[in-house]
Number of protein chains: 2
Amino acid sequence: MPRRSFWAWGMETDEPTSAHLQETANQLSSRYGIDVAAPEPLKPAGLALRAPRISLSDDLADDLRDICSVDDWDRAYHTYGRSYPDRIRAFRGEFPSPPDVVARPRKEEDIERLLEWCTIRGYHAIPFGGGSSVVSGFEPEADAEGVVTIDMERLDQILEVDEVSRAARIQAGVYGPALDSQLRPYGLTMRHFPQSFEYSTLGGWLATRSGGHYATNHTRIDDFAESIRMISPSGVWESLRLPGSGAGPSPDRMVLGSEGTLGIITEAWMRVQARPEYRASAGVYFERYEDAWQAARNIAQAKLWPANLRLLDPVEGELAAGMDGRQSLLVIGFESSDLPQGANLRSAVAIARESGGRVSDDELMISDEGGRGANTGAGRQGPVGAWRESFIRAPYAMNATIPLGLVHDTFETAITWDRWPGLDESVRAAVQEALERVCGGGTVSCRFTHVYPDGPAPYYTFIGMGRRGAEIEAWSEIKRVASDAVAAAGGTITHHHAVGKLHRPWYDRQRPDLFAESLRAAKRVLDPAGILNPGVLIDPL
Amino acid sequence: MPRRSFWAWGMETDEPTSAHLQETANQLSSRYGIDVAAPEPLKPAGLALRAPRISLSDDLADDLRDICSVDDWDRAYHTYGRSYPDRIRAFRGEFPSPPDVVARPRKEEDIERLLEWCTIRGYHAIPFGGGSSVVSGFEPEADAEGVVTIDMERLDQILEVDEVSRAARIQAGVYGPALDSQLRPYGLTMRHFPQSFEYSTLGGWLATRSGGHYATNHTRIDDFAESIRMISPSGVWESLRLPGSGAGPSPDRMVLGSEGTLGIITEAWMRVQARPEYRASAGVYFERYEDAWQAARNIAQAKLWPANLRLLDPVEGELAAGMDGRQSLLVIGFESSDLPQGANLRSAVAIARESGGRVSDDELMISDEGGRGANTGAGRQGPVGAWRESFIRAPYAMNATIPLGLVHDTFETAITWDRWPGLDESVRAAVQEALERVCGGGTVSCRFTHVYPDGPAPYYTFIGMGRRGAEIEAWSEIKRVASDAVAAAGGTITHHHAVGKLHRPWYDRQRPDLFAESLRAAKRVLDPAGILNPGVLIDPL
């Protein structure tokens, strides 16, 4: 039976072979002019974990014991997310603070009883979705006295579908592909495709305010939630299912982004939609980067609401879409379940051309006749298609470079248009300086993942050659410099990767202090013993 | 200098004359077959209020005393909002619990000092925007020992305009028309037009999660807020200005809908937009009501995002748009600053026709040539224009019927499509029964104010003839029956009128208990003495 890799993105079958590692080592050796040696990956059998500090025989009923595992692989696999330092540490087999128990509840009552057990015993209880966090969103605290990680994977069903309102009641532990395939027989889709789609869950998306498929208008998972049900140590929290309400502050908005600190999301009524039948897309080229982002701004402010409006700077265009390294690319895409989108694309392209963009009319890919068969072209042509493929493969691509010392990560933010050029300039300069200092050089590139009428969400990638054994120190320095530069320029420390433990220092300076105190006060109501995911988002009590 | 009426909607000049009252009394007499007598309205000089229980000479610095009023008219005017029972009580001159002091801060520091004074003395501090609440949103508690109402009207300026990002930093006390006229020189608008627009403020919209102009997509004020600044007794709360962020739960979403219980909103960065240059609209007629709302559903689910998608049932169509009382009307309108909207209107009309709607091609009003002069037609023709005029005049129209015993009010909710027909049927039946029982008959009508892909926001109007002196008892019974019916059918107690004190019994059953406890815990952080707007939204501490 296929199993997830304990260190790589994806399954064990996605881990690089020795031959693949050697080939990548040769490429890096020649690119960076150094001698990169390919190590042999650790096998799961070689994991040597600290013994669990929790005994399952103590005061646990048989049926709860049946859903708890103390297996080494299981505990190792649930220790880290998939950030750069997570993957390095896991590849090295460094698991000093694994959870003691991995529990896989079958029903809400199991969760209630697990939380009660942890509350009584003082064990930390950490909710676990798909394990794809890049912000140390579920890593156990080093000083915890006992940690129970609660993996939600068995709560993976769509419980109800309301085809009239286009909504579905969905269990939180369902992974992206399973969610989509359960909706498919109804002709429906949630159309929420974060880059982690394959290895993330509905509950994880809600808890971290995931950003999804759409580049404009409703993209964040927040906008798709009709109501959320959560189990906290103090009891059940469930909001009324409504298309909209103005009755007090939104209860859901306190749960969204709570990152497992207030309770464990068990299910939600989510807005879904008919599957798209019409598509139209184009890649528009710009000689000047500034013209490209001005075009993105003008399209967003015209409120055309394209599904895709992704800008690739010249470096990103070269690395991810095979372009010439001088031009920028603006990928524009529309889709609809009901209506042809050619006219919308032509309107957006006209705006892009006014801003200096180039695309010929016969490069506009338009499937206005509708139907599933008509979809193959639009959005998958030339550099547009190359970028799409690169986007999906990106987390996998690092599987072969992680073991070899390449320092390669991404960070993201959002900023209003007036401050965007300043942020872009200072962030690039700071990260480039850090790369020179730490790695002796490297590249910084940027794309827009989402575009709002009032500003973009830029997503940066940095790559430099590190030294095996010192990669985490190198990465830490670059990450610190990047985060400081983002914060200094007025950007948020995260647009959609979440806070976790990684972004805490910058988040703590960003959010209003009185809001943090209010959240802590709410946490004392919901989790009086302070057992839920300590260290993430807000301080322990 | 013109002054607001202490009981009617609008200014003193909007109060009905004796002749107008007599004419309306004659109309009601003939419509209801009873003898309706026209009373003489109370004059402001006749207001006899309890003496203020707060002495301004006590421990108040001169400059604070200068912004505080203990004038009878001022205190009467700040006692009630503009709900039906508010207007009846004010018309009668019944002001048993007026605020003791009305303060008009000139700057944030004044607010900080006022809150400090109230905290020390144990006075209730009540923020006041435009005074248009219909839910007892700022009425003093009868058992308060001292009440200071803080009228924000002097904080009425736009402080910064960011034309690039299309956003503005705006003081909370600015009224709708002044806000719009300050943006006009920039070619910008917030385009947020609640029915109370003339007599409501930005701060009030934010505190109550106002629903605005747009019938679909971004309508609620929540979606237009980039960041909010609030003064609480514990200090300043200000969120970072961003187009989007996924860093923890949104701080703004805890302020939005807090109804003055957590702090006083002083300013906000708000998203604005270019003024519309293109418009297209049509009124589509339906023989069957069900066909009309199915058309609204289909248009919303096609995600065409019309600015207007307002459905009038046959009764509403007759009363507000001069129709025949059998047909329903779906008003569809598009607008854009940048792009012609004729194609969108034709797409929406095609969907409406598929659902059984009738409109001829030459009834589509399309201003695709752009420019300000081209706007006069679209949206203002025939029954569509009649409805628009009726919508704007509705609060004024009650000025002449309030004194005469007509029981006339509205209530609103939101519900998913699957439960909408059941809600509509049971709510109409319950309210009609109550009208028969209490008023010996009357009418119930419904329109959609907002339409989401997953459900409508229906807005009901009821009218029956009451008996002068017993109007409030009659109204209370009908309101109770209506609210019970809405709650029983699964609707929210308010889509955009807010909770206040009026909706508390139903709100308390609707929100998760643990959320209310969390809010109370946050209030203890922000307002430890519990002085801010007690009784509204959540219980005193």
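A. Just the overall build of chain A, in detail. For chain A, the count of helices and strands is 16 helices and 18 strands. Here chain A has a C-alpha radius of gyration of 23 Å; the compact-globule value for 541 residues is 24 Å, and the two agree. Across the 541 residues that make up chain A, the buried fraction comes to 60%. For chain A, long-range pairs separated by at least 24 residues make up 72% of all intrachain contacts whose partners lie at least 6 apart in sequence.

B. Structural detail: the sheet that holds strand S10 (residues 264–271) of chain A. All names here are of chain A. Here five strands make up an open sheet; going across it, the order is S5-S6-S10-S8-S9 and the pairing antiparallel. Across the chains shown, the open sheet's two edge strands, defined by having one partner strand only, are strand S5 (158–162) and strand S9 (235–238). The sheet shows a mean angle of 10° between the axes of neighbouring strands, direction not considered. As defined by bridge partners, strand S8 (residues 225–232) adjoins S10 across six bridges and the pair is classed as antiparallel.

C. Up close: the environment of Pro96(B). One can find Pro96(B) in the loop between helix H4 (84–92) and strand S2 (101–103). Separated by 20 residues in sequence, Pro96(B) and Ala76(B) place their C-alpha atoms 9.6 Å apart.

D. Region of the structure containing the sheet that holds strand S4 (residues 147–151) of chain A. Residue and element names in this part refer to chain A. Strand order in the open sheet made by the four strands is S1-S2-S4-S3, with mixed pairing throughout. The sheet is open, and its two edges are formed by strand S1 (68–69) and strand S3 (124–128), each paired on a single side. Looking at chain direction, S1 and strand S2 (residues 101–103) are connected through two bridges and run antiparallel. Each residue of the ladder has a partner; that of Ser69, found in S2, is Val102. Packed on one face of the sheet, helix H5 (residues 108–121) meets S2, S3 and S4 and runs near 170° to S4.

E. Geometry of the interface of chain B and chain A. At the interface, 73 residues of chain B touch 73 residues of chain A. At 10 residues, the largest contribution of residues to the side of chain B that touches chain A is made by helix H16 (residues 513–526) of chain B. Split by residue class, the side of chain B that touches chain A holds 32 nonpolar, 26 polar and 15 charged.

F. Broad picture of the packing of helix H4 (residues 84–92) of chain A against helix H14 (residues 471–488) of chain A. Residues and elements named next belong to chain A. Here H4 crosses H14 at 175°, and the two axes come no closer than 10 Å. Taken together, the axes of H4 and H14 are roughly antiparallel relative to one another. On H14, the residues touching Tyr84, Pro85 and Ile88 of H4 are Glu471, Ile472 and Trp475. Counted by class, the contact of H4 with H14 contains five nonpolar, no polar and one charged residues.

G. Here's a closer look at the relation of the copies chain B and chain A. Least-squares fitting of chain B to chain A yields an RMSD of 0.0 Å, with the transformation described by 0.0 Å of translation along the axis and a rotation of 180°. With respect to symmetry, the two chain copies, as superposed, fit the operation of a two-fold axis. Taking C-alpha positions as reference, the residue of chain B nearest the rotation axis is Ala521(B), located at 2.7 Å. Same-surface contact between copies: 100% of interface residues of chain B are shared with the interface of chain A.

H. The domain arrangement of chain A, seen in detail. Residues and elements named next belong to chain A. Taken domain by domain, chain A consists of domain 1 (12–151), domain 2 (278–395) and domain 3 (398–509). Centre-to-centre separation of domain 1 and domain 3, based on C-alpha positions: 25 Å. Between domain 1 and domain 3, the residue contacts involve 26 residues of the former and 21 residues of the latter. Of all the secondary-structure elements, those providing two or more residues to the side of domain 1 that touches domain 3 are helix H1 (18–32) and H4. Ranked by residues supplied to the side of domain 1 that touches domain 3, first place goes to H1 with six residues. Looking at the side of domain 1 that touches domain 3 residue by residue, the class counts come to 16 nonpolar, six polar and four charged.

I. A look at unusual backbone geometry. Although it is not a glycine, Glu259(A) adopts a positive phi angle of roughly 55°. Looking at where Glu259(A) falls in the secondary structure, it is placed in the loop between helix H8 (252–255) and S10. In this structure, Arg209(B) takes a positive phi of about 55° despite not being glycine. Within the secondary structure layout, Arg209(B) lies in the loop between helix H7 (202–208) and strand S8 (225–232). Residue classification places Arg209(B) among the buried positions, given that 27 C-beta atoms sit within 10 Å.

Criteria and cut-off values
- Residues numbered from 1 in each chain as written.
- Chains lettered and ligands numbered in written order.
- Predicted model: local features only at pLDDT ≥ 70, side-chain atom pairs only at ≥ 80, totals over all residues.
- Helix = DSSP H or I, 4+ residues; strand = E, 2+ residues; numbered from the N terminus.
- Rg over C-alpha atoms; globule rule 2.2 N^0.38 Å.
- Buried ≥ 20, exposed ≤ 12 C-beta atoms within 10 Å, placed from the backbone.
- Contact = placed C-beta atoms within 7 Å.
- Pairing = 2+ DSSP bridges.
- Axes fitted to C-alpha atoms, helices over the stretch in contact; angles between N-to-C directions.
- Nonpolar A, V, L, I, M, F, W, Y, C, P; charged D, E, K, R; others polar.
- Parallel < 35°, antiparallel > 145°, perpendicular 65-115°, else oblique.
- Least-squares fit on C-alpha atoms with pLDDT ≥ 70 in both.
- Domains from an automatic or database assignment.

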